[in-house]
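Summary of structural features
Each chain, written out:
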Amino acid sequence: MGTSPDPEEAAPGPATAPGGMHRRRAVVRAVIAGLVVLAVAAAAFLLNRPRAQTAAPVETSAPAPAVTPKPTPTPTPDPPPVALNILLIGSDSRVNARAAAATGKASDQRADALVFIHLPADRRSAYGISIMRDLWVDIPGYRSAKINAALELGGVPLMTRTVEALLGQRINHTVMLDFQGFAAMTDALGGVNVTIKEPFTGTIDNFIHFPRGVNRLNGEKALAFVRERHAFVDGDFQRVRNQQTFLKAVMAKMAAEGGLKNRDTVKKLVAKVLPHVTVNPGLTVLTLERLAYSLRNTAPGNGVFFTLPTGGFGTSFDGQSIIQQDPAATAAVSAALASGTLGKYVAANKLQNGN
């Protein structure tokens, strides 16, 4: 999630519409208990005292019929997991404009981070494919542009359709966070530990320094970590690797704390995170709980993140600095997703540790 687009990164206009737009609750219990104890003691005394020989027979009523307790209903089991594709969008908006994006309205925000998550049906692994925000693509209904512009032009629906067209895959669910949501979500999780190989000082806002080794990131630090690009020689490429590092650290935290193995814990987790994100209408609270719980046996080491291969830097027809597509590699990733062989593609191209 990065800085606002440079002036030259103006969003393209629709093919048939004018171009241009602007950017972003014990006393009662004790009394009841006492009454219960007194009742039990009185009954025991009356039932156990000797009966007088001259006593006349007592007429008793017929015993009450035995009451069979109603069985506890068996919970409906969760449906078996199926393969899912989920799009994670990190908006560069500093204000809460998520509602506008959710409805498909144009708004002053772009996609600063794009991660296509593929979850196989067996949930033995999870794959995250980062898409460079400056990748030059065809945006449905608009002319070619940087892929991050789709969020500005048509919100979450258009962003989703654009990635679907790029990878030839249906996206089942979309989740979007903005700056405020990302920081609040990280704090709600209690912070996240990431291991930094090369120290650096951020160039955004508070200029936070990240030393070599394990760094505990609260919301503010996490946001600076995943947004930074100017401190690196390869800019956006290292930023994407840092975003992947953060996502893997979240997975490791959940696994280490057993956060996904207990259904009640999963519900609490969802309750913490949900207020800070925007999700598509089909991703209900129950669906989100089931999805998170289905990942309880997915080992963090089986989470593979890599960047969609590109064709390097280039310049657009209107002078923008862009990242070009690698059509052959994109087609290969698309085919692997379609055939359920993404694991083989990752192994063949040595992407287990990213790229």
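Residues numbered from 1 in each chain as written. Predicted model: local features only at pLDDT ≥ 70, side-chain atom pairs only at ≥ 80, totals over all residues. Heavy atoms only, no water.

What follows concerns the overall build of the protein chain. Broken down by element type, the protein chain carries 10 helices and 14 strands. Expressed as a percentage of the 355 residues in the protein chain, the buried residues total 44%. Here the protein chain has roughly 19100 Å² of accessible surface; of this, 60% comes from carbon and sulfur atoms. (Helix = DSSP H or I, 4+ residues; strand = E, 2+ residues; numbered from the N terminus. Buried < 20%, exposed > 50% of the residue type's maximum accessible area, 1.4 Å probe, protein only. Areas by Shrake-Rupley, 256 points an atom, 1.4 Å probe, with all protein chains shown as cover.)

Attention now goes to the pattern of salt bridges. For the structure on display, the rule yields 10 salt bridges. Note that Glu 152 and Arg 110 form a salt bridge whose closest N and O atoms lie 2.9 Å from each other. Of the two residues, Glu 152 is situated in helix H3 (residues 149-167) and Arg 110 in the loop between helix H2 (98-103) and strand S2 (111-119); the sequence distance between them amounts to 42 residues. The exposure class of Glu 152 is buried, given its relative accessible area of 1%. (Salt bridge = Lys/Arg side-chain N within 4 Å of Asp/Glu carboxyl O.)

A separate point is the sheet that holds strand S3 (residues 126-130). Strands sit in the order S11-S6-S1-S2-S3-S12 across an open sheet of six strands; the sheet is mixed. The open sheet has two edge strands with one neighbour each: strand S11 (278-279) and strand S12 (303-307). Bridge analysis of S3 against S12 gives five bridges, and the strand direction is parallel. Each bridged residue has a counterpart across the sheet, and for Ala 126 the counterpart in S12 is Gly 303. Across the sheet, H3 touches strand S1 (84-91), S2 and strand S6 (173-177), and the angle it forms with S1 is around 140 degrees. (Pairing = 2+ DSSP bridges. Contact = heavy atoms within 4.5 Å. Axes fitted to C-alpha atoms, helices over the stretch in contact; angles between N-to-C directions.)

Before going further, it helps to examine the environment of Leu 351. Locating Leu 351 in the fold gives a position in the segment after helix H10 (342-348). A residue is classified by how much of its surface remains accessible, and Leu 351, at 7% relative accessible area, is buried. Here the alpha-carbon distance between Leu 351 and Phe 306, two residues 45 residues apart in the chain, equals 6.3 Å. Among all residues touching Leu 351, those that are not within four sequence positions of it are Val 304, Phe 305, Phe 306, Tyr 345 and Val 346.

Moving on, we come to the environment of Ser 294. Mapped onto the elements of the fold, Ser 294 is located in helix H8 (residues 285-294). By relative accessible area, which is 14% here, Ser 294 ends up buried. With 212 residues separating them in the primary sequence, Ser 294 and Val 82 have C-alpha atoms 9.9 Å apart. For Ser 294, the side chain forms a polar contact with the side chain of Arg 123, separated by 3.1 Å. Here Leu 291 takes part through its backbone oxygen, which lies 2.7 Å from a polar atom of the side chain of Ser 294. (Polar contact = N/O pair within 3.5 Å; in protein donor to acceptor, adjacent residues only side chain to side chain.)

Right, let's talk about unusual backbone geometry for a bit. Even without glycine at this site, Phe 207 takes up a positive phi of about 50 degrees. Mapped onto the elements of the fold, Phe 207 is located in the loop between strand S8 (200-201) and strand S9 (209-210). With phi around 50 degrees, Lys 350 is a residue other than glycine that occupies positive phi space. If you trace the backbone, Lys 350 turns up in the segment after H10. Note on Lys 350: relative accessible area 67%, which makes it exposed.

Right, let's get into the packing of helix H4 (residues 179-188) against helix H5 (residues 219-227). At a closest axis distance of 8 Å, the pairing of H4 and H5 adopts a crossing angle of 125 degrees. On the basis of the axis angle, H4 is oblique to H5. Note on packing geometry: the crossing formed by H4 with H5 is right-handed. Each of Phe 179, Phe 182, Ala 183, Thr 186 and Asp 187 in H4 lies in contact with H5, whose residues at this interface are Gly 219, Ala 222, Leu 223, Val 226 and Arg 227. For the contact of H4 with H5, the residue count by class is six nonpolar, two polar and two charged. (Parallel < 35°, antiparallel > 145°, perpendicular 65-115°, else oblique. Left-handed = near helix turned anticlockwise from the far one by under 90°. Nonpolar A, V, L, I, M, F, W, Y, C, P; charged D, E, K, R; others polar.)

Turning to the packing of helix H7 (residues 263-273) against H8, a few remarks are in order. To characterise two packed helices, one gives the angle between the axes of the helices and the distance between these axes. Closest axis-to-axis distance for the H7/H8 pair is 9 Å, and the angle between their directions is 125 degrees. Looking at the two axes, H7 sits oblique to H8. The way H7 lies across H8 gives a crossing that is right-handed. Seen from H7, the contacting residues are Arg 263, Val 266, Lys 267 and Val 270; seen from H8, they are Val 285, Leu 286, Leu 288, Glu 289, Arg 290, Ala 292 and Tyr 293. Taken together, the residues of the contact of H7 with H8 sort by class into seven nonpolar, no polar and four charged.

A few words now on the pairing of strand S13 (residues 310-315). Note: S13 against strand S14 (residues 321-325), four bridges, orientation antiparallel. What sits directly across from Thr 315, in S14, is Ser 321. In textbook terms, the turn of a hairpin is the stretch between consecutive antiparallel strands, and for S13 and S14 this stretch comprises five residues, one of which, Gly 319, has a positive phi near 90 degrees.

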